[in-house]
Amino acid sequence: MIICKVVGNLWATKKDDKLNGYKLLVVRSHGEGETPETFVAVDTIGAGIGEDVLVTKGSVARNVLREKDSPVDAVVVGIIDSVEVDAQFLERG
Amino acid sequence: MIICKVVGNLWATKKDDKLNGYKLLVVRSHGEGETPETFVAVDTIGAGIGEDVLVTKGSVARNVLREKDSPVDAVVVGIIDSVEVDAQFLERG
Amino acid sequence: MIICKVVGNLWATKKDDKLNGYKLLVVRSHGEGETPETFVAVDTIGAGIGEDVLVTKGSVARNVLREKDSPVDAVVVGIIDSVEVDAQFLERG
Amino acid sequence: MIICKVVGNLWATKKDDKLNGYKLLVVRSHGEGETPETFVAVDTIGAGIGEDVLVTKGSVARNVLREKDSPVDAVVVGIIDSVEVDAQFLERG
Amino acid sequence: MIICKVVGNLWATKKDDKLNGYKLLVVRSHGEGETPETFVAVDTIGAGIGEDVLVTKGSVARNVLREKDSPVDAVVVGIIDSVEVDAQFLERG
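These lines cover the structure that appears in this document, whether it is placed above or below. Since the structure is predicted, the reported quantities are computational estimates derived from the model, not experimental observations. (Residues numbered from 1 in each chain as written. Chains lettered and ligands numbered in written order. Predicted model: local features only at pLDDT ≥ 70, side-chain atom pairs only at ≥ 80, totals over all residues. Heavy atoms only, no water.)

## Describing the overall build of chain A
When you go through chain A residue by residue, the secondary structure sums to one helix and seven strands. Reported as C-alpha extents along the three principal axes, the dimensions of chain A are approximately 50 × 25 × 25 Å. Here chain A, with 93 residues, has 56% of them falling under the buried criterion. Long-range pairs, those at least 24 residues apart, make up 52% of the contacts in chain A between residues at least 6 apart in sequence. If you sum the accessible surface of chain A, you get close to 3700 Å²; carbon and sulfur atoms cover 44% of it. (Helix = DSSP H or I, 4+ residues; strand = E, 2+ residues; numbered from the N terminus. Buried < 20%, exposed > 50% of the residue type's maximum accessible area, 1.4 Å probe, protein only. Contact = heavy atoms within 4.5 Å. Areas by Shrake-Rupley, 256 points an atom, 1.4 Å probe, with all protein chains shown as cover.)

## Some points on the packing of aromatic side chains
Counted according to the given criterion, the structure contains zero aromatic pairs over all chains. Cation over ring: B:Lys57 sits above B:Phe39, and NZ or CZ is 4.3 Å from the ring centre. (Phe/Tyr/Trp six-rings, centres within 6.5 Å; stacked < 30°, edge-to-face > 60°. Lys NZ or Arg CZ within 6 Å of the ring centre and 35° of its normal.)

## Observations concerning the pattern of salt bridges
Residue and element names in this part refer to chain D. For the coordinates displayed, the defined rule picks out 25 salt bridges over all chains. Ionic pairing is found between Asp43 and Lys23, a salt bridge with its closest N-O pair at 3.8 Å. Of this pair, Asp43 sits in strand 4 (residues 38–43) while Lys23 is found in strand 3 (residues 23–29), placing the two residues 20 residues apart along the sequence. The class for Lys23 is partly exposed, based on a relative accessible area of 39%. (Salt bridge = Lys/Arg side-chain N within 4 Å of Asp/Glu carboxyl O.)

## A word on the interface of chain B and chain C
In this assembly, 38 residues from chain B lie in contact with 30 residues from chain C. Counting each side, the surface lost to burial between chain B and chain C is near 2600 Å², with a carbon and sulfur contribution of 58%. Run the count over chain B and chain C and you get one salt bridge. For the salt bridge of B:Arg28 with C:Glu34, the shortest nitrogen-to-oxygen distance reads 3.8 Å. Elements supplying a minimum of two residues to the side of chain B that touches chain C: strand 1 (2–11), strand 2 (14–15), strand 3 (23–29) and strand 4 (38–43) of chain B. Along the lines of polarity and charge, the residues of the side of chain B that touches chain C split into 17 nonpolar, ten polar and eleven charged. (Buried area = accessible area lost by both parts, 1.4 Å probe. Nonpolar A, V, L, I, M, F, W, Y, C, P; charged D, E, K, R; others polar.)

## Some details on the relation of the copies chain D and chain A
Least-squares fitting of chain D to chain A yields an RMSD of 0.0 Å, with the transformation described by 0.0 Å of translation along the axis and a rotation of 72°. The superposition operator between the copies reduces to a five-fold rotation axis. Within chain D, D:Ser59 has its C-alpha nearest the rotation axis, a separation of 5.4 Å. Different-surface contact between copies: only 5% of interface residues of chain D are shared with the interface of chain A. (Least-squares fit on C-alpha atoms with pLDDT ≥ 70 in both.)

## Examining the interface of chain D and chain A
Of the residues lining the interface, 38 residues belong to chain D; the matching set on chain A comes to 30 residues. Counting each side, the surface lost to burial between chain D and chain A is near 2600 Å², with a carbon and sulfur contribution of 58%. On the chain D side of the interface with chain A, the three residues burying the most area are D:Trp11, D:Lys14 and D:Arg28, jointly 22% of the side's total. Our count for the chain D to chain A interface comes out at one salt bridge. Here chain D and chain A share 15 residue pairs in polar contact (both at pLDDT 80 or more) between them. Contributions of two or more residues to the side of chain D that touches chain A are made by strand 1 (2–11), strand 2 (14–15), strand 3 and strand 4 of chain D. Top contributing element to the side of chain D that touches chain A by residue count: strand 1 of chain D, with seven residues. Of the residues belonging to the side of chain D that touches chain A, the class tally is 17 nonpolar, ten polar and eleven charged. The pairing of strand 7 (residues 82–85) of chain A with strand 1 of chain D spans four bridges and is classified as antiparallel. By the bridge assignment, A:Val83 is partnered in strand 1 of chain D with D:Leu10. (Polar contact = N/O pair within 3.5 Å; in protein donor to acceptor, adjacent residues only side chain to side chain. Pairing = 2+ DSSP bridges.)

Here you go:
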């Protein structure tokens, strides 16, 4: 799973029927010293703009959806309360 | 899912039978400050050149196709009406 | 799917039995302004050196093979006749 | 699988039910001369901060979990005792 | 599949039971002009340090293993005898 920040919303009227009813969030990964990646995840948790979330990618993402055959490759699986990272390890890579 | 722009069309006469009848679009991802990635997605929605689309990648992509055993790893799942991103989050990464 | 050029052949006598009989091609992705990626794909179409091909990656790649449990993560699914990309979109990213 | 160091912990109270009971670790990949990648993996082995671990990613990761339909795309599958790499190969790429 | 060189061995005493009995090799990808990627693959072929091997990644990798539900996302599927790449294509990308 990757740590992302919810940075926006996305609307698509014309879309595959299997996406109907899902809330689409624009999220942005943020790892120490890494190039951020912006993508779109389905949210079933109720995350809001600016919140840090945990995002699952790939075929297992659909496991949180009611329809298992949804064409969804990224979902918000949790809202992060806190992350505790030991600074010495970040420095040493 | 990733946000892409439809930038072109692609034709392949000699191809696997399971790709017959699918429209192939050349799409290009565009994330703020990221290196764009150009690839080919099957379109079942009717997207046109220049439109911003939502693309699903990986094994779940085939879920929108009539043939579930198609060798397709990317599909256009929606045409984007609008994206609303809070600028402050983009700056702060 | 990604657009690649067939750049070479590869031979491996000692290999998993499930790869027997498959032709292995060295292919190289080429996207506008992107770092090319060189990898190996199974070819069931009959592509030759120097041809531009469409390559499917991941677990759905095996869908074009006769053995569905092959340890194959990339296959050539088509030989590209032509690609038509609108230059203005490439420039604007 | 990739070689990572456990660099921190992560807490998320509001999360998908299928993540309940799993310990979430922040891990950081470290390959010679590569950009490290920081992400979150489920730990079922009992790894601690600072330990080098082996991490499996993708849909097969859930194979170590009691619930096969968990929305988990990365797990710690082993604690590394030692890695022996021949330096000459690292230099020659 | 990707072309890698076997660069080392890795030992992990404390690991998931489903990894027991598998030999773990440290491999390093080497594509012309690309950043190498170092990771760990299961070897069922008998590859040795310094040999060039073909590695399959992702969920199909487990197809060469006796246990189909192993948490393994990369395996050595062949030992490369020779690779023949036409130099002109490498130069032209």
